[in-house]
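So the chains spell out like this:
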Amino acid sequence: MRASLPELRHTAAHVLAYAVQDLFPEAKPTIGPAIENGFYYDFDRAEPFTPHDLERLEGRMAEIVAADYKMTGREVSRDQAIASFKSNPYKAEIAREIPDGEPITLYTIGEFTDLCRGGHAESTGAVGAFKLTSVAGAYWRGDEHKPMLQRIYGTAWYDRAQLDDYLARLEEAQRRDHRKLGAELDLFSIEEDAGGGLVFWHPKGAIVREIVESFIREGLRERGYLPVVTPHVASERLYEISGHLENFAANMFGPLEVETQRFRLKPMNCPGHILIYRSRLRSYRDLPLRFSEFGTVYRFERSGVLHGLNRVRGFTQDDAHLFCTPEQLQGEFEQTLDEALRLMKAFGFAEFQYVLSTRDPKDRAETDAVAEAAIRRALERYDLPFEVDEGGGAFYGPKLDVNVRDALGRPWQLGTVQVDFVLPERFELKYRGADGADHRPVMIHRALAGSLERLFGNLVEHYGGAFPAWLAPVQAVVTPISEHQVPYAREVAARLIGAGFRAEVDESNEKLGYKIRHWKTQKVPYILVAGKQEVADGTVNVNARGSDEKRTISVGAFLEELRARVEAKE
RNA sequence: GCCGUCGUAGCUUAGUGGUAAAGCACCUCUUUGGUAAAGAGGAGAGCACGGGUUCAAUCCCCGUCGACGGCUCCA
């Protein structure tokens, strides 16, 4: 029977470890699983593996694959396992920790035996085509207090054609990288003189952001959200009450000392919104109360984790906090999820990953069960498949995240909806009930696009920089064939701009072919060519992105076409 | 922050122990051209920054900063 791809890749990991054992006997193998598209194996070795080492390893691996060693497994006792790995503390540690009752197995190919739970191809020859791709540091068991190991990444497939295809896809993905397109399309930059993780939105990026913002605002208005605006810095006192200093300090910028007070850049918008809630007596008749803000927050991220627009130190959330009665919780949560799905659909994302993160077990309270149940019910109502991340929730409660993938397949969290019984308690929030007594409201924290920066980065990659007409920074460029048509081109552009569209005129002293090429690489949806004929007829020749068809139509007809496309958000 | 790789004009890259080359972009001129690059000329980097070795360093060594790929963490 043919091995599955994960089996093949897992086998490739063993082959790699075998090759390492042969060429670098001092390296201690630790763990080496199959992953999406390939495999990795972590080794403990003092010397770093160099790119040249990888080539040598690939050569040895090819021999091991060609030898087609049979993968043979045998079950051993815990003591035997520990004894056979007495020079490898990592393997011994794993052997010690395998739960009682679970079999402990050793697998051998040729001269290499590994502690492994199984799931391999029958022999090494099954590894049709592979390539070692990179080496990276990785902590033993993902714990930064434990030793750093060297992780060798590889990709493996049934055959050469599949491998080549995968490598080609990788290259294409790199062409779509938002950091690359961001520079090419003049959308944004991150400036060394300002510091990493701080985004400068250029005009063409900022206009897209404005469009995104107004689209989101429309949804907020329809769903009864009220706008609020809160300061970017606040006294430390606020974050003592909220618990951020206690639970989130590692992600906060340090204190700003002014006169006798210490201030902090805000890491989250919730405390500010809570202060507004608390500023007056609230009645059950006021609830649910939904405060929304495009709130810019600052979080300290360690330098090594910054990544384009996806991991930054200052970002703007499409944030909102809903204050409701416990009875309203379910309905509010579902309404929020509904809006999240609507947004993502409008932005053209199709594949999502839903992750329910529960609260850290050390903080769990009985209300968490209520919160989690609300989230699970909502997921069921919408029939959404989801994963569970135990303990991955916010410090104040469990949450539901909506993730998308970037061009290279890395998942990024965009939307998040969180249920919170804790902050209302810490801030002693209340509302006057129908019974005349005070009650504690429940909060929902929600950012549906997540951060505008990350959303934008993912949009750029999703569209490969070719924004649909409703989002494109420049929707149409009027391109005169010679300078004689410049006045007409300006008139046409003025009409478009007057109708609310984003248009430019290309007045450069270049031939038409050059201009077309320029605007094609800028991925503008419409290039409107104006020559002698068009001027005489009051028309434009439409060169639409993604189509070879050229049409000469009246300016009015083009306006209608553009209007229709923008309204349809195509 | 940690491990690894990298750092030459705005961008992409070449290059050498004896003060750096090209294409694109930019500017000027010629050209007024019909759907992915017209022609010519010009300007632009002392080779990320700081030390060291050397008669001499962009090239060798050390440190710092930054970027990239991961680890950890999160929108």
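Draft legend 1. Expanded view of the state of the cysteines. Applying the stated criterion to the full structure yields 0 disulfides. Considering cysteine sulfurs only, Cys-324 is the nearest to Cys-270, which forms no disulfide, with 15 Å between them. According to the relative accessible area criterion, Cys-324 is buried, its value standing at 0%.

Draft legend 2. Representation of the sheet that holds strand S12 (residues 233-235) within the structure. With antiparallel pairing, 3 strands are arranged side by side in an open sheet as S12-S14-S13. Among the strands making up the open sheet, the edge pair consists of S12 and strand S13 (256-258). Averaged over all pairs of adjacent strands, the angle between strand axes in this sheet comes to 35 degrees, irrespective of strand direction. Bridging between S12 and strand S14 (residues 261-265) involves 3 bridges; their strand directions are antiparallel. Along S14, the bridge assignment pairs Ser-235 with Phe-263.

Draft legend 3. Looking closely at the packing of aromatic side chains. One pass over the full model with this rule turns up 20 aromatic pairs. Note on Trp-157 and Tyr-166: the rings are 5.2 Å apart at their centroids and 40 degrees apart in plane angle, and the pair reads as tilted. For the pair formed by Trp-157 and Tyr-166, the shared burial category is buried. Between Phe-352 and Tyr-354 the ring centres are 6.1 Å apart and the planes differ by 55 degrees, which places this aromatic pair in the tilted class. Residue class for Phe-352 comes out partly exposed when judged on its relative accessible area of 24%. On the basis of relative accessible area, Tyr-354 is assigned to the buried category, the value being 7%. Among the aromatic residues, ring-to-ring pairing joins Phe-24, Tyr-41, Phe-43 and Phe-49 into one connected group. The ring of Tyr-158 is capped by Arg-2, whose NZ or CZ atom sits 3.5 Å from the centre of that ring.

Draft legend 4. The arrangement of the domain arrangement of chain A in detail. What the domain assignment reports for chain A is domain 1 (5-171), domain 2 (181-457) and domain 3 (476-568). Measuring from the centre of the C-alpha atoms in domain 1 to the corresponding centre in domain 3 gives 57 Å.

Draft legend 5. Just unusual backbone geometry, in detail. That bond from Leu-287 to Pro-288 is cis: its omega, -5 degrees, falls within 30 degrees of zero. With respect to the helices, strands and loops of the structure, Pro-288 is situated in the loop between helix H10 (270-278) and strand S15 (289-298). The phi angle at Glu-259 is positive, at roughly 50 degrees, despite the residue not being glycine. Topologically, Glu-259 is positioned in the loop between S13 and S14. Located in the positive-phi region is Asp-383, a residue other than glycine, with phi close to 55 degrees. Take Asp-383: it is sitting in the loop between helix H12 (366-381) and strand S18 (386-389).

Draft legend 6. Structural detail: the side chain of Asn-310. If you trace the backbone, Asn-310 turns up in the loop between S15 and strand S16 (314-324). Here Asn-310 falls in the buried class, since its relative accessible area comes to 2%. A polar contact is formed between the side chain of Asn-310 and the side chain of Asn-458, at a distance of 3.1 Å. Apart from the residues lying within four places of it in its own chain, the contact partners of Asn-310 are His-178, Asp-406, Trp-412, Arg-454 and Asn-458.

Draft legend 7. Representation of the protein's contact with RNA strand B within the structure. In the vicinity of RNA strand B lie 57 residues, with Tyr-139, Gln-413, Ile-481, Tyr-514 and Asn-541 positioned nearest. Take the atoms of RNA strand B that sit within 4 Å of the protein: sugar and phosphate atoms are 44% of them. Here a sugar or linking oxygen of RNA strand B sits 3.0 Å away from a polar atom, N or O, in the side chain of His-484. Separating a base oxygen of RNA strand B from a side-chain N or O atom of Asn-543 is a distance of 2.6 Å. Counting residues per element, the ones that place at least two in the surface near RNA strand B are strand S7 (129-139), strand S8 (148-157), S16, strand S20 (411-420), strand S23 (442-451), helix H16 (512-521), helix H17 (532-537) and strand S27 (539-544). Counting residues per element, the surface near RNA strand B draws most heavily on H16, which supplies 7 residues. Of the residues belonging to the surface near RNA strand B, the class tally is 16 nonpolar, 22 polar and 19 charged.

Procedures and definitions
- Residues numbered from 1 in each chain as written.
- Chains lettered and ligands numbered in written order.
- Predicted model: local features only at pLDDT ≥ 70, side-chain atom pairs only at ≥ 80, totals over all residues.
- Heavy atoms only, no water.
- Disulfide = S-S within 2.5 Å.
- Buried < 20%, exposed > 50% of the residue type's maximum accessible area, 1.4 Å probe, protein only.
- Pairing = 2+ DSSP bridges.
- Helix = DSSP H or I, 4+ residues; strand = E, 2+ residues; numbered from the N terminus.
- Axes fitted to C-alpha atoms, helices over the stretch in contact; angles between N-to-C directions.
- Phe/Tyr/Trp six-rings, centres within 6.5 Å; stacked < 30°, edge-to-face > 60°.
- Lys NZ or Arg CZ within 6 Å of the ring centre and 35° of its normal.
- Domains from an automatic or database assignment.
- Polar contact = N/O pair within 3.5 Å; in protein donor to acceptor, adjacent residues only side chain to side chain.
- Contact = heavy atoms within 4.5 Å.
- Near = heavy atom within 4 Å.
- Nonpolar A, V, L, I, M, F, W, Y, C, P; charged D, E, K, R; others polar.

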